[in-house]
Amino acid sequence: GGIITQTPKFLIGQEGQKLTLKCQQNFNHDTMYWYRQDSGKGLRLIYYSITENDLQKGDLSEGYDASREKKSSFSLTVTSAQKNEMAVFLCASSIGRVTNTEVFFGKGTRLTVV
Amino acid sequence: GDSVTQKEGLVTLTEGLPVMLNCTYQTIYSNAFLFWYVHYLNESPRLLLKSSTDNKRTEHQGFHATLHKSSSSFHLQKSSAQLSDSALYYCALSDHYNQGKLIFGQGTKLSIKP
């Protein structure tokens, strides 16, 4: 089996600050994802990447940047943190563009903006 | 576009009673896959069960669901709730158009009381 490691687990930022979340996977999966989890809104896709150096926007990409410099890692940047923002960001990976493939998740990074 | 609807944000049940979490979906593609993911507190979301076969019951860890394409539904059921079933449950959809990306519903928090 494999594991997805997200760092940091907790992130406290200030309004307007640029914040970076990191994700590593050892499944050797091609596709990686960043989801945002908000109560009552489900998991919303921010960015995904189907291979190294590929980036595809999800429904919630505004206000975020992403980077996939290696197959095993995928980082997400909040370009300007919004005051009182609180959310959990989940990194995930899967084999590839197959409709029935299982998606594996990390434990999340909890962001609080003060 | 594709969408998944979970109307109940919170379901509270007494231990031992049956569980039913509703999920309906919209897609124009006939080969859609439907998934249930479970997210326990302080853990990673993980796959509970999945199906693409019409009218076939799928079971895992005491839970079951049947995909009904005629009504676009994939409700999650369990005959007897346990305290340990308390978690956040997400229904999700994947199809050829989305190239394996998951579209999640809003999530249902299941709270089981003694």
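Above this text sits the structure in question.
Described in the following lines is the structure provided in the data block. (Residues numbered from 1 in each chain as written. Chains lettered and ligands numbered in written order. Predicted model: local features only at pLDDT ≥ 70, side-chain atom pairs only at ≥ 80, totals over all residues. Heavy atoms only, no water.)

1. Considerations on the overall build of chain A
For step 1, the next point in the chain: Helix and strand counts for chain A stand at zero helices and eleven strands.
For step 2, the next point in the chain: For chain A, the sequential pattern of α-helices and β-strands runs β-β-β-β-β-β-β-β-β-β-β.
For step 3, the next point in the chain: Relative to the 2.2 N^0.38 estimate, which gives 13 Å for 114 residues, the radius of gyration of chain A is 13 Å and therefore close to what a compact globule would have.
For step 4, the next point in the chain: Its C-alpha atoms put chain A at 40 × 30 × 25 Å along the principal axes.
For step 5, the next point in the chain: Split into buried and exposed, the 114 residues of chain A put 50% on the buried side.
For step 6, the next point in the chain: Partitioning the intrachain contacts of chain A with sequence separation of at least 6 by distance along the chain shows that 55% fall at a separation of at least 24.
For step 7, the next point in the chain: When the accessible surface of chain A is totalled, it reaches about 5800 Å², and 45% of it is carbon and sulfur.
For step 8, the next point in the chain: With 14 positive and 11 negative side-chain charges, chain A shows a spacing of 5 Å between the two charge centroids. (Helix = DSSP H or I, 4+ residues; strand = E, 2+ residues; numbered from the N terminus. Rg over C-alpha atoms; globule rule 2.2 N^0.38 Å. Buried < 20%, exposed > 50% of the residue type's maximum accessible area, 1.4 Å probe, protein only. Contact = heavy atoms within 4.5 Å. Areas by Shrake-Rupley, 256 points an atom, 1.4 Å probe, with all protein chains shown as cover. Lys, Arg positive; Asp, Glu negative; His and termini not counted. Charge placed at Lys NZ, Arg CZ, Asp CG, Glu CD.)

2. Digging into the interface of chain B and chain A
For step 1, the next point in the chain: Contacts between the two partners involve 22 residues from chain B and, on the opposite side, 20 residues from chain A.
For step 2, the next point in the chain: Taken together, chain B and chain A are joined by zero salt bridges.
For step 3, the next point in the chain: Inspection of the chain B/chain A interface yields nine residue pairs in polar contact (both at pLDDT 80 or more).
For step 4, the next point in the chain: Per-element tally for the side of chain B that touches chain A: the top contributor is strand β5 (residues 33-39) of chain B, with four residues.
For step 5, the next point in the chain: The class makeup of the residues in the side of chain B that touches chain A is nine nonpolar, nine polar and four charged. (Salt bridge = Lys/Arg side-chain N within 4 Å of Asp/Glu carboxyl O. Polar contact = N/O pair within 3.5 Å; in protein donor to acceptor, adjacent residues only side chain to side chain. Nonpolar A, V, L, I, M, F, W, Y, C, P; charged D, E, K, R; others polar.)

3. So, the environment of Thr108(B)
Residue and element names in this part refer to chain B.
For step 1, the next point in the chain: Along the chain, threonine 108 turns up in strand β12 (residues 108-113).
For step 2, the next point in the chain: Judged by relative accessible area, threonine 108 falls into the buried class, the value being 0%.
For step 3, the next point in the chain: Separated by 62 residues in the primary sequence, threonine 108 and arginine 46 place their C-alpha atoms 15 Å from one another.
For step 4, the next point in the chain: At 3.3 Å, the side chain of threonine 108 and the side chain of glutamine 6 are in polar contact.

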